Amino acid sequence: MKRVVLVFFLFFSLISKGWAQELDSMMVVYELGSPAEKAHLHFDKNIYNRDETIFYKAYLRMANELSILSKNLYVEWYDTAGLIIKQTVAPIFQSSAKGSFEIPAGYSGNFLHVKAYTSWMLNHDTDYLFRKDILLNSVNLPATNKIPSNVDRKVLVNVFPEGGTSVAGILNKFAFQATNSFGEPVKIKGTVTDSKGKKVDTVLVKHDGMGVFSFTPISGENFQLNWLDEYGKRGVVPIEKSSTEGIVLSVQGGNEQATVRITRSESVPDNWKKLNLWVHLNQSLFYKVSINVSEKKSVVAQIPIDQLPTGILQFTLFSEDFLPIAERILFVNNRDHEFNVRVSAPLVNVDKRGKNVVEIFVPDTAAANLSVSITDFSLNTPETQTIFSDLLLSGDIKGKICNPAYYLMSDADSVTANLDLVMLTHGWRKFDWKRLKSGIPPVNTYPVENSFLKINGKVFGLKPNMSATPMQLNLIMAGRDSSKQFYFAPVAKDGSFEVPNMFFYDTAKLYYSFNGNSKLTEVTQVKMDNGLLRYQPGMRTAFLRNPYSAYGDSILRARMTAIYREQEQLRKLMAAATLQEVVVKTKAKSNVQLLEEKYANGLFSGGDGYSFDLGEDGKLVGGIDILTFLQGRVAGLMISGSGSSATLNWRGAVPDLYLNEMRAQVDMIQGVSIQDIAFVKVFRPPFFGSMGGGAGGAIAIYTKKGSDGRKADPNAKGLEYTILGGYSRFKEYASPNYDKSEPSFDPDNRTTLLWSPYILTNKKSPRIKLNFFNNDFSKKFLLVLEGVNSEGKLVRVVRAIDSSSQD
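Scoring rules and cut-offs
Residues numbered from 1 in each chain as written. Predicted model: local features only at pLDDT ≥ 70, side-chain atom pairs only at ≥ 80, totals over all residues. Heavy atoms only, no water. Helix = DSSP H or I, 4+ residues; strand = E, 2+ residues; numbered from the N terminus. Buried < 20%, exposed > 50% of the residue type's maximum accessible area, 1.4 Å probe, protein only. Pairing = 2+ DSSP bridges. Arc of directions from axis to C-beta. Contact = heavy atoms within 4.5 Å. Axes fitted to C-alpha atoms, helices over the stretch in contact; angles between N-to-C directions. Expected span 1.5 Å × (residues − 1). Polar contact = N/O pair within 3.5 Å; in protein donor to acceptor, adjacent residues only side chain to side chain. Phe/Tyr/Trp six-rings, centres within 6.5 Å; stacked < 30°, edge-to-face > 60°. Salt bridge = Lys/Arg side-chain N within 4 Å of Asp/Glu carboxyl O. Lys, Arg positive; Asp, Glu negative; His and termini not counted. pLDDT = per-residue confidence, 0-100.

On a plain count of helices and strands, the chain comes out with 10 helices and 47 strands. The buried share of the chain, reckoned over its 807 residues, is 53%.

Below is the structure:
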């Protein structure tokens, strides 16, 4: 629905055109200049065994449309303590991206915390970023999901007056929310009393720790909520003292209209007698209502909502001179956000390794972008987050919502009423009306990454008149697949240069030379990066999670454990057949001081730690990687896993990694051949060159320069180079084809039977067939389909498939 503004005149009062037009114009500035981007991730399943691979598909939306803002998606993976394990970056195509994450070997936590975002999303409150806890079947899980008796069962109860304020002498509605220390709902009951202990209302939880009560406050009187929780503990919450003068805003939703009641006290300031009610959704203004309460203390307005898009509708009440007085939100669900997808199963075979066929049909003429997972049905756990709840609800709400998917699964009156409790007890995306009224535009600290990778660089050591002509860098990018790309980058007077719209995965070598002046390479230093956000190794994120409520189904856990044991047995057999012991011989170091002078600069010079000359050692250690090389030489440095999935720990903290004094990730470091490394420095903590304080120390790796005996690339002889990290290299889902007997799974204990992240349909090709083969034990399958179409609409289909459901 396009932006529409309707103006109501109640009791014939005119809006102050100057303030109204100015504020309206600023809302448009914020709508266009700082739109809210939201993300949802569809995972191949809800629960994983250790050492498995997690597959996901991301969808991005902005207001009621697909987001075309960003080109890069960041996904961060945290352990149970909130410490980051890894950050991955994926390119965004058609408002979506795909990726995977290999659970680190030996990880013992019972869940992983996932956070996903674009650079642009960081301009808004981080509460609106995508977050999810991924359940893991861990051998360290307790035998029961009950909270041990020695865990503090602290209960927090908050009270929220509707509209944000309560006023004496007026019937006020209050909402409350009771949660434990993990942010999960707690049942309470109790009473509201005055200072003399007189009861004015009773309190009882209606849904997930939330409920409402009403009473008429008395001026100067104090009120409190007295509660008893489900654990038998009692508590008291003082209710904020009501104002003697003010206005109460109350909103009641309906199928076609929202009823807005505005009630004022007997006495209010003159500028509160002519009011302005603005109704807006997704940063777009839909209705303006002028309300005159000079003669009447209570006014009711009916606001049409049956044609509005699905989402959180905000009601903001202003004074005559547009000072905000009260705000209320209401969720509008007209089901206009959905499109239809039909799923059929023309061939179902639940026999061991039987072939199955499912068919996806999209009758809509709009192009669709879908993802489908098919898993063992017995591992099904209730989904607490869906594409609907993430993009329509959680992406606009502050604070933890318990089971947000529930609120969009049904149109039942009870569910709608419970959803309104969420509206009453949680914060939401708000305009800073004072900034808008002052004409202050939005401040966007993080830019829109509207292109893929780019080379950002700077030449240091330039002096005036070094070159008679404008400087230009010749660049050769050599990928790990031996591909070559050639670029030319003009160098600005301050030494900066940029090459936009690069695209490559993993790492690449970037050779460079100065066009027409090769001597500049010897007297200058060139530093480059890939233009992506840099995460801080060792950084933490805050989240609420009850470690004792991961599982409530002992049968599910037993089945996952049995499958895990089979997987582990197979893994050990494969490892015994393929792995060989590597013996590393050391050699005395030499020329360290010369390498220090040649390579280290600024805060990287000197320092307390280790230094290694790789000039000769790199030849001796052969094919091992640099982290394995360091593990045997740096006391206390522990490396878990291998390749891009390796994790580092040095005496309880994570050291920062640097490649040629530029922040790097593990996959970038592992992509550098040890024979191309000249010098390595390991700094004991703290390392002051790190932005985060360097509590875990740092490892600085320097690649060889042209004169250090580096193996020459046949297409870039004699040129200097640096290593650049590209998009994360993700694992592709491997699906067996038993018709051809390849690839082989023996035994086949997959719990994800099919993962297809990109299913694209359009008017000419609306039907897609997918083939998959059963494993060795499943007798029933669960299909979950999610996706978007070109009009920004959403879909989610969940279907059980067994031998009786063949179409």
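With that settled, consider the pairing of strand S14 (residues 199-204). Bridge analysis of strand S13 (residues 188-194) against S14 gives 5 bridges, and the strand direction is antiparallel. Following the sheet pairing, Val192 is matched in S14 by Asp201.

Here the focus is helix H7 (residues 592-599). Among all positions in H7, only Leu595, Glu596 and Tyr599 are buried. For H7, the angular spread of buried residues about the axis comes to 105°, placing them on one side. The exposed set on the far side of H7, more than 90 degrees from its buried face, consists of Gln593, Leu594 and Glu597. Where H7 is buried, its residues touch strand S36 (609-613), strand S41 (677-683) and strand S42 (698-703).

Below, the discussion takes up the sheet that holds S41. In spatial order, the strands read S36-S41-S42-S39-S40; together these 5 strands make up an open sheet with mixed pairing. Of all the strands in the sheet, just S36 and strand S40 (662-663) have a single pairing partner and so form its edges. With 2 bridges connecting them, strand S39 (residues 656-659) and S40 associate as antiparallel partners. Across the sheet, the residue bridging to Leu659 is Met662, located in S40. Here H7 sits on the sheet in contact with S36, S41 and S42, set at roughly 90° to S41.

Read from one edge of the open sheet, 4 strands run S14-S13-S16-S17, paired in antiparallel fashion. With one partner strand each, in any of the chains shown, S14 and strand S17 (234-239) form the two edges of the open sheet. Taken over all neighbouring pairs, the strand axes of this sheet differ in orientation by 20° on average, direction set aside. The sheet contact formed by strand S16 (residues 223-229) and S17 spans 6 bridges and is antiparallel. By the bridge assignment, Trp227 is partnered in S17 with Gly235.

All right, on to unusual backbone geometry then. The backbone of Phe322 sits at a positive phi, close to 60°, despite the residue not being glycine. Structurally, Phe322 can be placed in the loop between strand S23 (311-318) and strand S24 (324-332). Look at Phe322 and you get buried, because its relative accessible area is 2%. In this model, Asp506 sits at a positive phi of 65°, which is unusual for a non-glycine residue. Assignment of secondary structure puts Asp506 in the loop between strand S33 (496-502) and strand S34 (507-514).

The subject of this paragraph is helix H3 (residues 413-425). Spanning 13 residues, H3 covers 19 Å between terminal C-alpha atoms, matching the ideal 18 Å at 1.5 Å per step. Listed as buried for H3 are Val415, Asn418, Leu419, Asp420, Leu421, Val422, Met423, Leu424 and Thr425.

With respect to the helices and strands, Gln177 occurs in strand S12 (residues 172-180). A residue is classified by how much of its surface remains accessible, and Gln177, at 14% relative accessible area, is buried. Here Gln177 is in contact with Leu156, Val157, Asn158, Phe160, Gly209, Met210, Lys400, Thr425 and His426, once residues within four sequence places are set aside.

Along the chain, Asn334 turns up in the loop between S24 and strand S25 (342-347). Residue contacts for Asn334: discarding those within four places in its chain leaves Asn255, Ile305, Asp306, Gln307, Leu308 and Thr310. A distance of 2.9 Å separates a polar atom in the side chain of Asn334 from the backbone oxygen of Ile305. In terms of polar contacts, Asn334 uses its side chain to reach the backbone carbonyl oxygen of Asp306, at 3.4 Å.

Next up on the list: the packing of aromatic side chains. Each aromatic ring pair is described using two quantities: the centre-to-centre distance and the angle formed by the ring planes. Under the defined criterion, the tally for this structure stands at 29 aromatic pairs. Plain terms: the ring middles of Trp278 and Phe322 are 5.4 Å apart, the flat faces sit at 65° to each other, and that makes the pair edge-to-face. You can see Trp278 sitting in strand S20 (residues 274-281) and its partner Phe322 sitting in the loop between S23 and S24, a full 44 residues away along the chain. Here the two residues Trp278 and Phe322 agree in accessibility, since each one is buried. Note on Phe318 and Phe322: the rings are 5.4 Å apart at their centroids and 45° apart in plane angle, and the pair reads as tilted. Each member of the pair, Phe318 as well as Phe322, carries the same accessibility label: buried. Aromatic rings pair up to connect Phe43, Tyr56, Trp77, Phe101 and Phe730 into one cluster.

What follows covers the pattern of salt bridges. Once their charged atoms are close, side chains differing in charge can pair, the charge on each being opposite to the other. Summed over all chains, the structure comprises 22 salt bridges. Here Lys398 ties to Asp125 by a salt bridge, and the two come within 2.5 Å at their closest N and O atoms. Pair noted here: Lys398 is in strand S28 (residues 397-398) and Asp125 is in the loop between strand S9 (111-117) and strand S10 (130-137), with a separation of 273 residues, a long-range link. On the basis of relative accessibility, which here comes to 27%, the residue Lys398 falls in the partly exposed class. Judged by relative accessible area, which is 32%, Asp125 ranks as partly exposed. Here Asp127 and Lys398 are joined by a salt bridge, their closest N and O atoms 3.3 Å apart. With a gap of 271 residues between them, Asp127 in the loop between S9 and S10 and Lys398 in strand S28 connect regions that are remote in the sequence.

Take Ala698: it is sitting in strand S42. Each C-alpha atom, one on Ala698 and one on Val654, is 8.5 Å from the other, the two residues being 44 residues apart in sequence. Not counting chain neighbours up to four residues away, the residues in contact with Ala698 comprise Pro655, Asp656, Tyr658, Lys681, Val682, Phe683 and Phe687.

Here we take up the side chain of Asp667. Take Asp667: it is sitting in helix H10 (residues 666-670). Lys86 is the oppositely charged side chain nearest to the buried, salt-bridge-free Asp667, at an N-O distance of 5.5 Å.

Here the chain shows a mean pLDDT of 83. Residues at 70 or above account for 82%. Low pLDDT, under 50, characterises residues 548-552; the predicted model gives this stretch 22 contacts beyond four residues in sequence or across chains. Ignoring residues within four places in sequence, the model shows residues 577-590, a span with pLDDT below 50, making 16 contacts including any to other chains.

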